[in-house]
Amino acid sequence: SLLQASLAGAAVAGFGLSSARAQADKPLLRMSAPLTPTDQRAIGLEKHFGPAVAGFATYQPHYNATLFKQGTELEAIARGNLEMSITSAQELATLIPAWSIFTAGYLLRDAEHQKKVFASDLMDGLKKTTEDKLGVKLLSVMYLGRRQLNLRSEKEIKTPEDLAGMKLRMPNSEAWLFLGKALGANPLPMAFTEIYTALQTGAIDGQDNPLPTDKDSKFYEVTKQIVLTSHLVDQNYLAFSKKVWDKFTPDQQATLQKAADAAAEAARQAQLKLEDDLVDFFKQQGLKVYAPDVAAFRKKVQADYLTSKFAKDWPAGLVDKINAIQ
Ligand code: KDO
């Protein structure tokens, strides 16, 4: 039995070695982002991206911003320290100002509009600049959902004026803080991973995220209401290192692209379904969920963006062309 045990050990060691070698031969695609492993985008990638590329690459997700802090991922890719991330227009805008057009509240209408705009030739210039300047390829647009206000207090919110003085957590970037201000609140920058505790302790009065995120990260446990402003049809992008991309064969690149689109589509459908279903869930949890005077929010937010310093960096005529996409 000693011999048997050592043979079994050898077999296990042998297997372990060869599979480790097989893995080592394949490029490792580390993905770092603040999202949780139960976020629909994470699930979409694990189901549809990882397995589809497994023949020639190893997809390795790192959740909850454990590998890179929120907002530092693009630079990590640019420097060759990271292969993939899920990034945002707000983060891209810190490096390439023209991206700020997609940080504007009440511009994109819905998930379908968002997808069509990303696929349209209107995006060619921005995508190319991002590849040339940052070495980042944006493979797919990932629908995060319509951002809604999620507050600790029960005070009824009808118009932007009702948010005066409220400490509203926003992600840490100029474009995000501008949005918080445009909504009428007092924006406070904070990483995604710190929101729950900040809501619990009262360090902030509220935060904004789509309903699926409020559920997934359990923000409903520490807040009293959700105000359906739908102020931003939020989009993230699946970001991929151009340097790593260029090492793959055209066939492999086609597989990567197809897998990215399949993951994004699955996640989009799942998020949309959750957005439909979750209003009831939050009400059952005792939260107030209602629509404010959305027209009042839209009017102020759109006016603030069009007269902002950001708008000076937007390609001429692009807002109209985005609006014209049906
Ligand atoms: C957030 O920090 O509120 C945000 O929703 C911003 C998004 O751009 C994105 O980074 C998202 O967090 C994370 O993917 C976590 O869901």
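Parameters at a glance
- Residues numbered from 1 in each chain as written.
- Predicted model: local features only at pLDDT ≥ 70, side-chain atom pairs only at ≥ 80, totals over all residues.
- Heavy atoms only, no water.
- Core = buried A, V, L, I, M, F, W, Y, C linked by side-chain atoms within 4.5 Å.
- Buried < 20%, exposed > 50% of the residue type's maximum accessible area, 1.4 Å probe, protein only.
- Helix = DSSP H or I, 4+ residues; strand = E, 2+ residues; numbered from the N terminus.
- Contact = heavy atoms within 4.5 Å.
- Near = heavy atom within 4 Å.
- Polar contact = N/O pair within 3.5 Å; in protein donor to acceptor, adjacent residues only side chain to side chain.
- Nonpolar A, V, L, I, M, F, W, Y, C, P; charged D, E, K, R; others polar.
- pLDDT = per-residue confidence, 0-100.
- Arc of directions from axis to C-beta.
- Salt bridge = Lys/Arg side-chain N within 4 Å of Asp/Glu carboxyl O.
- Phe/Tyr/Trp six-rings, centres within 6.5 Å; stacked < 30°, edge-to-face > 60°.
- Lys NZ or Arg CZ within 6 Å of the ring centre and 35° of its normal.
- Axes fitted to C-alpha atoms, helices over the stretch in contact; angles between N-to-C directions.
- Parallel < 35°, antiparallel > 145°, perpendicular 65-115°, else oblique.
- Left-handed = near helix turned anticlockwise from the far one by under 90°.

A.B. asks: Describe the nonpolar core, with residues and values.
C.D. replies: Judged by nonpolar contacts, the single largest core of 53 residues is most densely connected at Trp99, Phe102, Leu163 and Tyr237. The element contributing the most residues to this core is strand β4 (residues 136-151), with six residues. Beyond its immediate stretch of four places on either side in the chain, Trp99 contacts Ala89, Leu92, Ala93, Met123, Leu126, Thr130, Leu138 and Tyr237. With 26 residues, the next largest nonpolar core counts Ala42, Tyr63, Met142 and Val244 among its residues.

A.B. asks: Describe in detail the site of the ligand, supporting the description with residues and values.
C.D. replies: Close to the ligand lie 14 residues, the nearest being Arg41, Gln70, Arg147, Arg169 and Asn209. Side-chain polar atom of Arg41 to an oxygen atom of the ligand: 2.9 Å apart, as the coordinates give it. Residue Arg169 places a side-chain N or O atom 2.7 Å away from an oxygen atom belonging to the ligand. In terms of residue class, the shell around the ligand is made up of six nonpolar, four polar and four charged.

A.B. asks: Could you give an account of the environment of Ile157, with specific residues and numbers?
C.D. replies: Position of Ile157 among the secondary structure elements: in the loop between β4 and β5 (167-170). A relative accessible area of 0% places Ile157 in the buried class. Sequence-wise, Ile157 and Asp293 are 136 residues apart; in three dimensions their C-alpha atoms are separated by 8.5 Å. For Ile157, the contacting residues outside a window of four places in its chain are Leu151, Asp162, Leu163, Met166, Gln225, Val227, Tyr290, Pro292 and Phe297.

A.B. asks: A description of the confidence of the model for the chain should follow, citing residues and the corresponding values.
C.D. replies: Scored by pLDDT, the chain comes out at a mean of 94, with 93% of its residues at no less than 70. Contacts of residues 1-17 to residues separated by more than four positions or lying in other chains number zero contacts, the stretch itself having pLDDT below 50. Reported confidence for the predicted complex is 0.98 by ipTM and 0.92 by pTM.

A.B. asks: Let's hear about helix α5 (residues 111-119): which residues, and what values?
C.D. replies: When α5 is considered as a whole, its buried residues turn out to be Ala111, His113, Gln114, Val117 and Phe118. One face of α5 carries all of its buried residues, which in axial projection span an arc of 160°. Tucked inside the fold, the buried residues of α5 contact α6 (124-134), β4, β8 (225-241), α11 (250-284) and α13 (318-324).

A.B. asks: I'd like a rundown of the pattern of salt bridges, residues and numbers included.
C.D. replies: Under the definition given, this model contains 14 salt bridges. In this structure, the salt-bridge partner of Lys242 is Asp246, at a minimum N-O distance of 2.8 Å. A residue is classified by how much of its surface remains accessible, and Asp246, at 44% relative accessible area, is partly exposed. A salt bridge links Lys300 to Asp304, with the shortest nitrogen-to-oxygen separation between them at 2.7 Å. Pair noted here: Lys300 and Asp304 are both in helix α12 (residues 294-306), with a separation of four residues, about one helical turn.

A.B. asks: Now, about the packing of aromatic side chains: what can you tell me, with residues and values included?
C.D. replies: Across all of its chains, the model carries twelve aromatic pairs by this definition. Through pairs of rings, three or more aromatic residues link up here, namely Trp99, Phe102, Phe118 and Tyr237. Stacked on the ring of Phe118, the Lys or Arg Lys127 has its end atom at 4.0 Å from the ring centre. Over the face of the ring belonging to Phe281 we find Lys215, whose NZ or CZ atom lies 5.0 Å from the ring centre.

A.B. asks: Could you give me a rundown of the environment of Ala291, with the residues and numbers involved?
C.D. replies: Along the chain, Ala291 falls in the loop between β9 (288-290) and α12. We classify Ala291 as exposed; its relative accessible area is 53%. In this structure the C-alpha to C-alpha distance between Ala291 and Ile157, which are 134 residues apart in sequence, comes to 8.8 Å.

A.B. asks: So what's going on with the packing of helix α7 (residues 174-182) against α12? Which residues, and what values?
C.D. replies: Following both chains from N to C, one finds α7 and α12 inclined at 135°, their axes separated by 9 Å at the closest point. One element, α7, and the other, α12, form an angle in the oblique class. Crossing hand, α7 versus α12: right-handed. Between α7 and α12, the residues in contact are Ala175, Phe178, Leu179, Lys181 and Ala182 and Lys300, Val301, Asp304 and Tyr305, respectively. Tallied by class, the residues present in the contact of α7 with α12 amount to six nonpolar, no polar and three charged.

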